[in-house]
Amino acid sequence: MKNTERFSTRVDNYVKYRPHYPVAIIPYLATATGLTRATIVADIGAGTGISAQPFLDNGNKVYAVEPNTEMREKSVQLLQRYPGFSALAGSAEHTTLPDASVDLIVAGTAFHWFDQAATAAEFRRIGRKDAYVVLMWNVRQAELPFEKGYEKLLHQFGTDYKDMQHRNVGASQLAGFFQPGTMQEKSFQNAQIFDFPALKGRLLSSSYAPEKGHPVYDDMIRALEDLFEKYQEQGMVKFHYETMLYIGKV
């Protein structure tokens with residue numbers, strides 16, 4: 001399956017159950033990048049619009065570039081009420097945006113899918129002078145017993161979860177993407193609380209989770225039920241995240 005098609009059947013669960021980004025990123029970026037309401041933002045690999053939302057709420061013009069048709073159409077459905085929102089069929093390597101057209105380039109939980117060399121060239125093309133690039137991830141933690149159990153479940157049933165882990169990007173891998181000496185790193189705490197239907201939806205929003213009809217789907221859901229029952233408190237379990245921001249120039 002092409003990377004751009006991995007989420008086509010998971011859009012509804014993605015919208016409902018993927019973590020959002022803390023609103024605290026906006027005042028931080030105002031200080032770190034000079035973000036104002038007048039900043040024109042390109043959100044690359046925008047998906048259903050989760051990463052565009054904080055900037056739209058801030059009053060920014062946002063070009064949401066997304067190659068997956070189903071996810072892009074969902075973003076239009078959800079965000080067309082914002083006058084500053086525009087969805088574009090494009091990719092990190094070919095955004096379709098004009099030269100020197102944006103002040104801030106954002107990628108939320110998408111950079112690991114990009115061709116880094118081609119993406120850097122495209123970002124230089126579309127960015128105005130002194131444009132910043134912000135790469136963001138909600139990194140799910142696996143420190144507490146429930147979180148460790150969920151991680152074990154993914155290893156047991158995920159179709160290519162280990163491959164996805166290998167795509168994780170950290171500061172050392174990003175050193176060659178940003179211009180030397182320009183990268184800043186910042187983290188925020190984030191969390192989600194789920195009842196069982198929401199936990200199931202969160203699992204099925206992941207591209208490596210087997211879907212209904214797969215030979216191991218029923219076993220996976222039973223294991224998820226057992227995990228939930230073991231660790232739930234008042235009918236809820238909690239995911240902790242570290243929201244990582246990497247900021248620099250390309």
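Predicted model, so just to flag it, every value in this text is computed and none were measured.

**Some remarks on the overall build of the chain**
Part 1 of the reasoning: Within the chain, the regular secondary structure consists of 10 helices and 7 strands.
Part 2 of the reasoning: Relative to the compact-globule value of 18 Å for 250 residues, the chain shows a C-alpha radius of gyration of 18 Å, a close match.
Part 3 of the reasoning: Overall size of the chain, expressed as C-alpha extent along the three principal axes, is 55 × 35 × 30 Å.
Part 4 of the reasoning: Element-wise, carbon and sulfur atoms account for 50% of the exposed surface of the chain, whose accessible area totals about 12000 Å².
Part 5 of the reasoning: For the chain, the distance from the average position of its 27 positive side-chain charges to the average position of its 28 negative side-chain charges is 3 Å.

**Considering the side chain of Glu122**
Part 1 of the reasoning: Mapped onto the secondary structure, Glu122 falls in helix H5 (residues 116-126).
Part 2 of the reasoning: If we skip the residues at most four places from it in the chain, Glu122 touches Ala92, Glu93, His94, Thr95 and Thr96.

**Comments concerning the sheet that holds strand S7 (residues 237-248)**
Remark on secondary structure: sheet strands pair via backbone hydrogen bonds, oriented parallel or antiparallel.
Part 1 of the reasoning: Taken in spatial order, the 7 strands make up an open sheet running S3-S2-S1-S4-S5-S7-S6, and their pairing is mixed. This sheet does not close on itself; its edge strands, each paired only once, are strand S3 (85-88) and strand S6 (184-194). Neighbour-to-neighbour, the strand axes of the sheet open up by a mean angle of 20 degrees, direction not taken into account.
Part 2 of the reasoning: In this structure, strand S1 (residues 40-44) lies alongside strand S4 (residues 102-108), joined through 3 bridges in parallel fashion.

**Overview of unusual backbone geometry**
The general pattern is negative phi for most residues beyond glycine and trans for most peptide bonds.
Part 1 of the reasoning: Unusually for a residue other than glycine, Ala100 sits at a positive phi of about 45 degrees.
Part 2 of the reasoning: With respect to the helices, strands and loops of the structure, Ala100 is situated in the loop between S3 and S4.
Part 3 of the reasoning: Even without being a glycine, Gln234 presents a positive backbone phi close to 55 degrees.
Part 4 of the reasoning: Among the secondary structure elements, Gln234 is positioned in the loop between helix H10 (217-231) and S7.
Part 5 of the reasoning: Overall, Gln234 belongs to the exposed group, its relative accessible area being 84%.

**Looking at the pattern of salt bridges**
Two side chains with opposite charge may pair up if their charged atoms get near one another.
Part 1 of the reasoning: Throughout the structure, instances matching the rule amount to 8 salt bridges.
Part 2 of the reasoning: Close ionic contact of Asp103 with Arg128 constitutes a salt bridge, the shortest N to O distance being 3.2 Å. One end of the pair, Asp103, is in strand S4; the other, Arg128, is in strand S5 (residues 127-140), and 25 residues separate them in sequence.
Part 3 of the reasoning: Taken together, the salt bridges that share partners define one network made up of Asp99, Glu122 and Arg125.

What counts as what
Residues numbered from 1 in each chain as written. Predicted model: local features only at pLDDT ≥ 70, side-chain atom pairs only at ≥ 80, totals over all residues. Heavy atoms only, no water. Helix = DSSP H or I, 4+ residues; strand = E, 2+ residues; numbered from the N terminus. Rg over C-alpha atoms; globule rule 2.2 N^0.38 Å. Areas by Shrake-Rupley, 256 points an atom, 1.4 Å probe, with all protein chains shown as cover. Lys, Arg positive; Asp, Glu negative; His and termini not counted. Charge placed at Lys NZ, Arg CZ, Asp CG, Glu CD. Contact = heavy atoms within 4.5 Å. Pairing = 2+ DSSP bridges. Axes fitted to C-alpha atoms, helices over the stretch in contact; angles between N-to-C directions. Buried < 20%, exposed > 50% of the residue type's maximum accessible area, 1.4 Å probe, protein only. Salt bridge = Lys/Arg side-chain N within 4 Å of Asp/Glu carboxyl O.

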